[in-house]
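# Tertiary structure, described
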Amino acid sequence: MPAQPQPVRIEMVLDVICAASYIGYTRLAKAVAKHRASGGDVEFAFSPFQLAPEATGEGEPLLDALREVFGEEAAAHTTQVAADAVRDGLELNYDRAIATSTFGAHHLIAVASGQGKGEEAVERLFRAHFTDGLNIGDPAVLAALAEELGVIVREPAGEALQAELDRVRRLGVRGVPVFAFSAGPTVTGTQSEDFFRQILVKSSNSSVN
């Protein structure tokens, strides 16, 4: 009997206020959908990273926060990023987006993953931040998103999440996104859908040997 291929496991390190993470995940998700449609099996694991760990859940306009850190050229950069994202079918409304803490959002992703809805939660949180202009650091907003996703959150974010954030930092991660493929490479940055598709095929073939 021929050996059955093992699922390709992908650990993605991300932050849901990171446009590169959103674009990278979107391209990867498209590649994964094609891989699954051809009979392949993929498992996701999402690891948290905070681009702005000092941010509070009160939130402020994202463009204002970017100008404070990067200067006036930040607005021009976001305009270009938003235009590029259109090619991936994404709508990045920087004029509506809110700079905020992502601690609670990462907790929601972890809880959703435990209930088999991690991929849906990641996509929804990205869209909530970049497209809908929601404050994903607001507990009430997160509660509404959890209900929409059908995710039951029994406890607030706490020490376990902080320990996971610390673990990722100790691994040397200083920027996101990062994609680690079982039986394959670890890559950073958005990459292309075709690039991800090729890695999935090679990783599947390697898992049989």
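Shown above is the structure to which this text applies.
With respect to the helices, strands and loops of the structure, Thr190 is situated in the loop between strand E6 (186-188) and helix H8 (193-208). The class for Thr190 is partly exposed, based on a relative accessible area of 26%. Along the chain, Thr190 and Gly24 lie 166 residues apart, while their C-alpha atoms are 4.0 Å from each other. When sequence neighbours within four positions are dropped, the list of residues in contact with Thr190 reads Ala20, Ile23, Gly24, Arg27, Pro177 and Phe196.

A separate point is the pairing of strand E5 (residues 178-181). Judged from the 4 bridges that link them, strand E1 (residues 8-14) and E5 form a sheet pairing that is antiparallel. Note on E5: the bridge partner recorded for Val13 is Val178. Strand direction decides the pairing type here: E5 and E6, joined by 3 bridges, are antiparallel. By the bridge assignment for E6, Phe179 is matched with Val187.

Glancing now at the environment of Pro61. Relative to the elements of secondary structure, Pro61 occurs in strand E3 (residues 60-61). It is 8.6 Å that separates the C-alpha atoms of Pro61 and Tyr94, two residues lying 33 residues apart in sequence. Other than its neighbours up to four places away in sequence, Pro61 contacts Ala97 and Ala99.

In this structure, Ile10, Leu92, Tyr94, Leu125 and Phe181 are the most contacted members of the largest nonpolar core, which totals 53 residues. For this core, the element with the most residues is helix H1 (residues 19-37), which contributes 7 residues. Here Leu125 is in contact with Val16, Ala105, Leu108, Ile109, Ile136, Leu142 and Leu145, once residues within four sequence places are set aside. Among the nonpolar cores identified, the runner-up in size contains 7 residues, and Val13, Phe49, Val176 and Val178 belong to it.

What follows is about the sheet that holds E5. With respect to topology, 4 strands assemble into an open sheet ordered E2-E1-E5-E6, the strand pairing being mixed. Of all strands in the sheet, those bounded by a partner on one side alone are strand E2 (42-48) and E6. Going across the sheet, the axis of each strand differs from the next one's by a mean of 20°, ignoring polarity. Relative to E2, E1 is paired through 7 bridges, and the arrangement is parallel. Note that in E2 the partner of Ile10 across the bridge is Phe44. Packing against the sheet, H1 makes contact with E1, E2 and E5, and its axis sits at approximately 165° to E2. In this fold helix H5 (residues 118-130) packs onto E1 and E2, with an angle of close to 50° to the strand it touches most, E2.

Following the criterion strictly, the structure yields 10 aromatic pairs and no others. Pairing Tyr25 with Phe46 gives two aromatic rings, centres 5.9 Å apart and planes at 70°, and the pair type is edge-to-face. Within this pair, whereas Tyr25 is found in helix H1, its partner Phe46 is found in strand E2, the two being separated by 21 residues in sequence. In this structure, Tyr25 and Phe46 share a single accessibility class: buried. Taking 4.9 Å as the distance between ring centres and 65° as the angle between the ring planes, the aromatic pair formed by Phe179 and Phe196 counts as edge-to-face. Highlighted residues: Phe179 in strand E5 and Phe196 in helix H8, separated in sequence by 17 residues. Per residue, the accessibility class of Phe179 equals that of Phe196, and both read buried. Linked through ring pairs, Tyr22, Tyr25, Phe44, Phe46, Tyr94, Phe126 and Phe130 together constitute an aromatic cluster.

Considered as a void within the structure, the largest pocket measures approximately 740 Å³ in volume. Put simply, the parts of the chain that give the lining of the largest pocket at least two residues each are H1, helix H2 (62-70) and helix H3 (73-86). With 6 residues, the top contributor of residues to the lining of the largest pocket is H2. In the lining of the largest pocket, the residues fall into 18 nonpolar, 5 polar and 4 charged.

The rules behind these values
Residues numbered from 1 in each chain as written. Predicted model: local features only at pLDDT ≥ 70, side-chain atom pairs only at ≥ 80, totals over all residues. Heavy atoms only, no water. Helix = DSSP H or I, 4+ residues; strand = E, 2+ residues; numbered from the N terminus. Buried < 20%, exposed > 50% of the residue type's maximum accessible area, 1.4 Å probe, protein only. Contact = heavy atoms within 4.5 Å. Pairing = 2+ DSSP bridges. Core = buried A, V, L, I, M, F, W, Y, C linked by side-chain atoms within 4.5 Å. Axes fitted to C-alpha atoms, helices over the stretch in contact; angles between N-to-C directions. Phe/Tyr/Trp six-rings, centres within 6.5 Å; stacked < 30°, edge-to-face > 60°. 1 Å grid on protein atoms, 1.4 Å probe; cavity = no way out; pocket = protein on both sides within 12 Å on 5 of 7 lines; lining within 4 Å. Points joined across faces, edges and corners; volume = space filled by probe spheres on them. Nonpolar A, V, L, I, M, F, W, Y, C, P; charged D, E, K, R; others polar.

Limitation: the analysis is restricted to geometry and does not speak to function.
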